Amino acid sequence: MKTEGVVSVFPSEKQQLHTTRSWDFIGFPETVKRSTTESDIIIGVLDTGISPKSPSFNDKGFGSPPKKWKGSCQVSANFSCNNKVIGAKYYRSDGSIPEDDVKSPMDTDGHGTHTASTAAGGLVKDASFFGLASGTARGGVPSARVAAYKVCWNDGCTDADILAAFDDAIADGVDIISVSLSSGSSDYFKNVIAIGAFHAMRNGILTSVSAGNGGPQLETIANFAPWTLSVAASTTDRDFFTKLQLGNNVSYKGFSISTSDIKNLPIIYGGDAPAEGFEGSSSRFCRTGSLDKNKVMGKIVFCDDLTSGGGPLLANAAGAVLSGREFGETSSPFPLPTAYLTRKDGSQAYIYINSTRNPTGTISKSTQEINKMAPLVASFSSRGPSPINPNILKPDLTAPGSNILAGWPATASLTGFELDKRVSAFNIISGTSMSCPHASAAAAYVKSFHPTWSPAAVKSSLMTTANPLNADLNPDAEFSYGSGQINPSKAAFPGLVYDVVEADYVNLLCGEGYTTKLLQIVTGNSKSSCPANHGTSPDLNYPAFVTSASPAKSINKVFNRTVTNVGSPTSTYEAKVIAPPGFKVEVNPSVLCFTSLGEKQSYTVTVQGVADKKTVVSGSLIWDDGTYQVKSPIVVYIPM
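As named in an unreviewed UniProt entry, the protein is Cucumisin, taken from Cannabis sativa. Per UniProt, the protein carries the Subcellular location (unreviewed entry) text "Secreted". The protein has a UniProt comment under Sequence similarities (unreviewed entry) that states "Belongs to the peptidase S8 family."

So, in structure tokens, the structure goes:
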């Protein structure tokens, strides 16, 4: 039975959000060259809503919305738009409004305001988080407009609402869609973000998505559709440390963001303070409700594992010491003064607590330090490869996602706990949710110079100009950071682009087993069809070369690619190859000559060799004309 208006039927599931120095760190200063049309660019943000009263969204100096804007603002008693936040809508398909939320696009969580201001927040001087990370806060495209679509509430984000928001964003006239959340299905057409992004692609809109926070294991990437820009999270050169000094005058460097200090307070081990109904084997982890309030009140609680801090907070503790921090983890804000120690330092602190009659400690307010190892891919950032297509690089690239300062609603809790009464116009949080809007802004920046470029061309420009990262410091190499870290200023002028049209994606999907009927229904294009003999998945004109291999078996993989000249009208590019260790790479032809802009040239890359036991090996191909260097990774991997 066919019902008009229904394109596909699957359960509407709940999806979860993934949760400033960063722009300067990646070489994108406030004074970078700007397009005169940046204020005509509209970024659509699907998230928890937005707080237009945030100083990041002050519309002073902004004119009326661009003429192409066809959207609207759902005004309510506590909410209205302006010439910066030009549109806002909320979606709740079941009609119920969760407790502690509001029936409007207002952001009561903070996540949506943070992501939107990271992408397009205006310049705010003297911004900080209680004195930490002080400076001028800004988004990547501060003159761009924002359209907010509230699809996430304090109980999650439903598929039906996400799809409805995609449809509206497309119809409203946005240029880039930023989605810092994930859909769990590995089937493209049961994945609402993949479906929505496909519709956006058909309408000339690139969708930037977060890779997910399931790292550091391989094959954890949450958003991997080839027509999306999947963004991993990396560190910046700023980190936050919290000093713990014990009563024996021994000090340890903790990793956290604490906005106040506590001095010379008693320390108690969580395992020695179980609440009624709990054992010490449970309370040692300081989970919510497991601690005896009478024993921990006003004290510092030592916990054997990472916790949100809610357990000690609700038990009226004054502070917390957590043990077990691993290399590559990020610092996080807690609802009370907290020091997060390495396992080694935590063991030493535990020995002191259990060998002293009256152990005490002091937790200092956090301080900033330079992180000389940056950029590294954060441990939480999800890794590739793609679970569906082994020849598509995922994630596509990485962007700053660790310790990001950005706007926050005055009415939203800073840590998600009602007892945390602190109020700040800015917050510091981490996640691929934070890296995604960096890439969204970079895409918007490129789009401001090239409004007619396709989503694939914009994406290609970002990937081929990305700064390479060190594979020795990031063991999963391109499956952790993609083509590298975004470099927006270079991306606007990439020299060559790898373009992809809808028909190319359709052919790819046909090769992966999708039928003509299903493609027509889900894509909304009645002309989509699979070739009669489409066989296996064809080569997509992707700006990366990825192939899987079996141990001790030789491979002879041929990639076909076509590049479009967007650099100098007359130019000659030479291929410069760094082959993956143990492999031979041949490029044919090795020289590409162009005589006009928009001209296309095709070539092949052949990778030959035998894979050893190493999971991932990589190299690169750079097309160089002396002015532009167009780089693509070459990756050979052994599936897990």
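Now that the structure is up, let's keep going.
A. How the structure looks around the packing of helix α9 (residues 432-449) against helix α10 (residues 455-464). At a minimum axis separation of 10 Å, α9 and α10 run at an interaxial angle of 115°. As summarised for this structure, α9 and α10 are arranged roughly perpendicular, according to the angle between their axes. Crossing of α9 against α10: the hand is right-handed. Listed contacts from α10 to A439, A442, A443, V446 and K447 of α9 are V458, S461 and L462. Looking at the contact of α9 with α10, its residues break down into six nonpolar, one polar and one charged.

B. Main features of the sheet that holds strand β10 (residues 206-210). If you walk across this open sheet you meet the seven strands as β3-β6-β2-β9-β10-β11-β20, and the pairing is parallel. A strand with exactly one partner marks an edge of an open sheet, and here the two such strands are β3 (85-90) and β20 (397-400). Strand-to-strand, the axes of this sheet are offset by a mean angle of 25°, without reference to chain direction. Both strand β2 (residues 42-47) and strand β9 (residues 176-179) contribute to a ladder of four bridges, which runs parallel. From the neighbouring strand, G44 faces β9, where its bridge partner is I177. Seen against the sheet, α9 touches β2, β9, β10, β11 (228-234) and β20 and runs at an angle of roughly 125° to β11.

C. Spatial organisation of the domain arrangement of the protein. Once the domains are mapped, the protein shows domain 1 (26-235 + 378-489), domain 2 (238-370), domain 3 (501-539) and domain 4 (541-639). Each of domain 2 and domain 4 was reduced to a C-alpha centroid, and the two centroids are 51 Å apart.

D. Quick look at the UniProt feature "domain: Subtilisin-like protease fibronectin type-III" (unreviewed entry) in the protein. If you check UniProt for "domain: Subtilisin-like protease fibronectin type-III" (unreviewed entry), the listed places come out as residues 539-636 in our numbering. Annotated as 0% helix and 63% strand, the span residues 539-636 places its first and last C-alpha atoms 16 Å apart.

E. Structural view of the environment of K447. Looking at the secondary structure, you find K447 in helix α9. Taking the C-alpha atoms as reference points, K447 and A492, 45 residues apart in sequence, are found 8.0 Å from one another. The residues touching K447, leaving out its near neighbours within four places in the chain, are I41, D175, G204, W453 and V458. A polar contact is formed between the side chain of K447 and the backbone oxygen of W453, at a distance of 2.9 Å.

F. Structural view of empty space enclosed by the protein. Taken as a whole, the largest cavity holds about 70 Å³ of empty space. N191, A194, N223, F224 and A225 are, among the 12 residues lining the largest cavity, the residues nearest its centre. Taken together, the residues that form the lining of the largest cavity break down as seven nonpolar, four polar and one charged. Counted as a void, the second largest cavity has a volume near 50 Å³. Taken together, P226, A456, K459, S460, Y498, V500, Y505, N541, Y542 and P543 make up the lining of the second largest cavity. For the lining of the second largest cavity, the leading source of residues is α10, giving three residues.

G. Geometry of the nonpolar core. Formed by 83 residues in total, the largest nonpolar core has its most connected members in W227 and L462. Looking at which element gives the most residues to this core, the answer is α9, with eight residues. When sequence neighbours within four positions are dropped, the list of residues in contact with L462 reads L229, L397, A439, A442, A443, V446 and A491.

H. Fine view of helix α3 (residues 159-172). Given a rise of 1.5 Å per residue, 14 residues ought to cover 20 Å, and the 20 Å separating the end C-alpha atoms of α3 matches this to within 8%. The complete set of buried residues in α3 reads D159, D161, I162, A165, F166, A169, I170 and D172. End-on view of α3: buried residues confined to an arc of 170°, all on one side of the axis. G173 sits one or two residues past α3 and shows a positive phi near 100°.

I. View of the environment of T37. Within the secondary structure, T37 is located in the loop between α1 (21-25) and β2. The class of T37 is partly exposed, set by a relative accessible area of 31%. Residues T37 and F449, 412 residues apart in the sequence, show an inter-C-alpha distance of 7.6 Å.

J. Layout of the confidence of the model for the protein. The predicted model of the protein has a mean per-residue pLDDT of 91, with 96% of residues at 70 or higher. This model gives residues 15-19 a pLDDT under 50, and the stretch forms 40 contacts once residues within four places in sequence are excluded.

K. The arrangement of the pairing of strand β25 (residues 554-565) in detail. Sheet topology note: the strand β23 (residues 496-497)/β25 ladder contains two bridges and is antiparallel. Bridged to V497 within β25 is T564. Here β25 pairs with strand β29 (residues 600-610) via 11 bridges, running antiparallel. Paired with V558 across the strands is T606, a residue of β29.

L. Spatial organisation of the environment of K344. Tracing the sequence through the fold places K344 in helix α8 (residues 343-354). For K344, a relative accessible area of 66% gives the class exposed. In the structure, K344 is positioned 20 residues away from G324 in sequence and 8.0 Å away in space, judged by C-alpha atoms.

M. Structural detail: the packing of helix α2 (residues 111-120) against α9. For the pair α2 and α9, interaxial distance at closest approach is 7 Å and the crossing angle is 35°. Once α2 is placed against α9, the crossing between them reads as right-handed. Counting all contacts with α2, which are made through H111, H114, T115, T118 and A119, the residues of α9 involved are S433, M434, P437, H438 and A441. Its residues assigned to classes, the contact of α2 with α9 shows four nonpolar, six polar and no charged.

N. Summary view of the packing of aromatic side chains. If you walk through the whole model with that rule in mind, you get 20 aromatic pairs. Ring geometry for F449 and F493: centres 5.2 Å apart, planes at 65°, overall edge-to-face. Here F493 lies in the loop between α12 (488-491) and β23 and F449 lies in helix α9, a separation of 44 residues in the sequence. Centroid distance Y603 to W623: 4.9 Å. Interplanar angle 70°. Geometry classified as edge-to-face. Taken as a pair, Y603 in strand β29 and W623 in strand β30 (residues 616-624) lie far apart in primary sequence, 20 residues in all. Both residues of the pair, Y603 and W623, count as buried.

O. Region of the structure containing the sheet that holds strand β24 (residues 545-548). Sheet architecture is open: five strands sit in the order β24-β31-β30-β26-β28, paired in mixed fashion. Whereas interior strands pair on both sides, the edge strands pair on one side only; in this sheet they are β24 and β28 (591-594). Averaged over all pairs of adjacent strands, the angle between strand axes in this sheet comes to 15°, irrespective of strand direction. Of the pairings in the sheet, the one linking β30 to strand β31 (residues 629-637) comprises nine bridges and is antiparallel in character. Bridged to G619 within β31 is I634.

The rules behind the values
- Residues numbered from 1 in each chain as written.
- Predicted model: local features only at pLDDT ≥ 70, side-chain atom pairs only at ≥ 80, totals over all residues.
- Heavy atoms only, no water.
- UniProt positions renumbered as here; feature names shortened; annotations may be inferred.
- Axes fitted to C-alpha atoms, helices over the stretch in contact; angles between N-to-C directions.
- Helix = DSSP H or I, 4+ residues; strand = E, 2+ residues; numbered from the N terminus.
- Parallel < 35°, antiparallel > 145°, perpendicular 65-115°, else oblique.
- Left-handed = near helix turned anticlockwise from the far one by under 90°.
- Contact = heavy atoms within 4.5 Å.
- Nonpolar A, V, L, I, M, F, W, Y, C, P; charged D, E, K, R; others polar.
- Pairing = 2+ DSSP bridges.
- Domains from an automatic or database assignment.
- Polar contact = N/O pair within 3.5 Å; in protein donor to acceptor, adjacent residues only side chain to side chain.
- 1 Å grid on protein atoms, 1.4 Å probe; cavity = no way out; pocket = protein on both sides within 12 Å on 5 of 7 lines; lining within 4 Å.
- Points joined across faces, edges and corners; volume = space filled by probe spheres on them.
- Core = buried A, V, L, I, M, F, W, Y, C linked by side-chain atoms within 4.5 Å.
- Buried < 20%, exposed > 50% of the residue type's maximum accessible area, 1.4 Å probe, protein only.
- Expected span 1.5 Å × (residues − 1).
- Arc of directions from axis to C-beta.
- pLDDT = per-residue confidence, 0-100.
- Phe/Tyr/Trp six-rings, centres within 6.5 Å; stacked < 30°, edge-to-face > 60°.

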